[in-house]
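Residue-level listing of the chains:
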Amino acid sequence: MSESVKPTSENKKKKKHFSQAWKHFVEIYTIALLLIGVLSCALLYFYLDAFEKSQHKYVMDALMDETGMEQWKDIVTSASDMEFSSFDDTASILEDYFNSSCIKTPTYSEAVSISTEDAPVYNVKSGSAYMARVYLVADKKLSFGRNTWKVGHIEPYIPMTSFASTTIRVEVNDDENVWLNGKQLAADQLIAQIAYEELNAIESQYAIKPCRLLYEVTNLCGSIKVTLEDGTEIHPQSEKDASGALMYLSADPGYDMVISAPGGVNVLCGEYAIGQEYKTGSTTGFLKDYKEYTGGLDGSFVEYTIPGFHRKPAFSVINPGNVTLTEQVTPDGKIEFFYENNEDLQDDKEWIVDRFFMSYIWYGAGYESEYYDLLSYILPGTDLYTYVEDSTAAMIWASDTSIDFEYLEYTNFVRWGEDCFSCRAAYKATTTSQAWYENFSRELENTYDLVFIYKDGRWRAASMSVVN
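The paragraphs below set out a description of the structure included in this document. If you're wondering where the values come from, they're calculated on a predicted model, not measured in any experiment. (Residues numbered from 1 in each chain as written. Predicted model: local features only at pLDDT ≥ 70, side-chain atom pairs only at ≥ 80, totals over all residues. Heavy atoms only, no water.)

### Focus on the overall build of the protein
- In terms of regular secondary structure, the protein is built from 8 helices and 24 strands.
- Counting only residues that meet the buried cut, the protein has 37% of its 468 residues in that class.
- Intrachain contacts of the protein at a sequence separation of at least 6 include 63% that bridge at least 24 residues.
- Total accessible area on the protein stands at roughly 28200 Å², and carbon and sulfur atoms take up 50% of it. (Helix = DSSP H or I, 4+ residues; strand = E, 2+ residues; numbered from the N terminus. Buried < 20%, exposed > 50% of the residue type's maximum accessible area, 1.4 Å probe, protein only. Contact = heavy atoms within 4.5 Å. Areas by Shrake-Rupley, 256 points an atom, 1.4 Å probe, with all protein chains shown as cover.)

### Quick word on the pattern of salt bridges
- As enumerated under the stated definition, the model contains 10 salt bridges in all.
- A salt bridge links D456 to R460, with the nearest nitrogen and oxygen atoms 3.7 Å apart.
- On the basis of relative accessible area, R460 is assigned to the buried category, the value being 8%. (Salt bridge = Lys/Arg side-chain N within 4 Å of Asp/Glu carboxyl O.)

### Some thoughts on the pairing of strand β5 (residues 166–173)
- In terms of burial, β5 is a largely internal element, 6 of the 8 residues being buried.
- One ladder, built from 7 bridges, connects β5 with strand β9 (residues 211–220); its direction is antiparallel. Note on β9: the bridge partner recorded for E171 is L214.
- In terms of strand pairing, β5 meets strand β12 (residues 246–249) through 4 bridges, oriented parallel. Pairing of R169 across the sheet is with M247, part of β12. (Pairing = 2+ DSSP bridges.)

### Thoughts on the side chain of R212
- Along the chain, R212 turns up in strand β9.
- Given the relative accessible area of 6%, R212 is considered buried.
- At 3.1 Å, the side chain of R212 forms a polar contact with the side chain of E171. (Polar contact = N/O pair within 3.5 Å; in protein donor to acceptor, adjacent residues only side chain to side chain.)

### Remarks on helix α3 (residues 69–76)
- Along α3, the residues that are buried comprise W72, K73, I75 and V76. Buried residues along α3 cover an arc of 160 degrees about the axis, so they all sit on one side. In α3, the exposed positions angled more than 90 degrees off the buried face are occupied by E70 and D74.
- Contacts made by the buried residues of α3 are with α2 (57–66), α4 (90–101), β1 (106–110), β2 (121–126), β3 (129–141) and β4 (147–156). (Arc of directions from axis to C-beta.)

### A short note on the sheet that holds β3
- Pairing within the open sheet is antiparallel, and its 4 strands lie in the order β1-β2-β3-β4. Each having just a single partner strand, β1 and β4 make up the two edges of the open sheet. Each strand of the sheet is rotated relative to its neighbour by a mean of 30 degrees, with strand direction disregarded.
- Docked against the sheet, α3 engages β1, β2, β3 and β4, running at close to 60 degrees with respect to β4. (Axes fitted to C-alpha atoms, helices over the stretch in contact; angles between N-to-C directions.)

### Structural notes on the nonpolar core
- Within the largest apolar cluster, 33 residues are counted, with the highest numbers of intra-cluster contacts made by I202, I259, I274, I306, F309, F315 and W416.
- Mapped onto this core, the elements with two or more residues apiece are β13 (255–262), β14 (266–269), β17 (301–309), β20 (335–339), β21 (400–417) and β23 (439–455).
- Those residues in contact with W416 that lie beyond four places of it in its chain are L287, Y293, T294, L297, V323, Y339, F421 and S422.
- If you look at the next biggest cluster of nonpolar residues, it comprises 32 residues, including M358, L384, Y448 and A461. (Core = buried A, V, L, I, M, F, W, Y, C linked by side-chain atoms within 4.5 Å.)

None of this, on its own, says anything about what the molecule does.
Here it is as structure tokens:
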């Protein structure tokens, strides 16, 4: 049996020293851990504070609260760089887009395709309708390398996919100018020339034959209004064509032309002469007995009718004489070539016309005293001279006559040669007469073509024709 060893005082001292050391170690370690915990909590608090303050939502929320719909509208409608067609009205499209699509309270979301940590970007939308992009920039610096944010700038942002686009085709005659939304279509929009199946005899001779022009305009996003040069609006067909384009088609006008020109002149359509097969009427020439003075012209007029033009034609005349012709278009579209009034001739010769015509009027009203003066103003040997010379037997001579003119005018002065001119006299008057057995009143209204010949050193009337 072994003997037990009793602890010595020295061993007891060692144990006591170790116990006290361990106690101090635990106390120090605990304090250190507490200090580390406190420091960690403080660091975490400051980090979380900096992290929270660096969030984008604060500046974005403030922006959404402070910006009203009118301000968003101003931003949306300022998108002037949109890639619309040149025929679109960008301002109207954006105005309509905002009023019809941007009706919900705006919201925001990060534009992940372009936003970065250093340059955040947010999209602003009204429902599903895009309105703008907000670009944030760094503001105040915070701990841990963070910072607050502020709005750098806002720009309109509306993807083109937000707009439905339309392609249109417009077919018109080749002599018609066409406008789209107030802008004329040009060669850039022309995609085809379509030949006519049938042409009239004159157009078939043209070097450049009439055709239809087909224009195309793509990517129209706004309103569409197609008009011709005179303002006539062309409306779209009910269905789209095979290419999916909305079709606008102007009617073929099918011009039926009526032309009136003096007899004896050649009428041209372009460079092609109008033949007698198109003649549909004529008037009697009041100069038929005086062609020796007129270069062969007799004062008649011929009417031509040519149907079935696809392109509005231009007409001209070749005049064998030296008389100036003027062209005019009547309200019903008839083209008239007529003799131009010679103002210099009228200034020089109107007194001769007035002397004869007033003598004729007074003689016709019953003034016997005008008889010899009137004959002196008429060329002997003419039918007019014979008519007046033989008229005395049929006249009722009045003792007192008055004439009240409503109008009296001389027009259409034409010089046919050195010794011949014509003019037109028109009047309306009321005559009141007292004969030996009665009193009577008459209303007179007539228009005459007058011809004057220079012979034996005098200008005298040679012809007087009623104008119907």
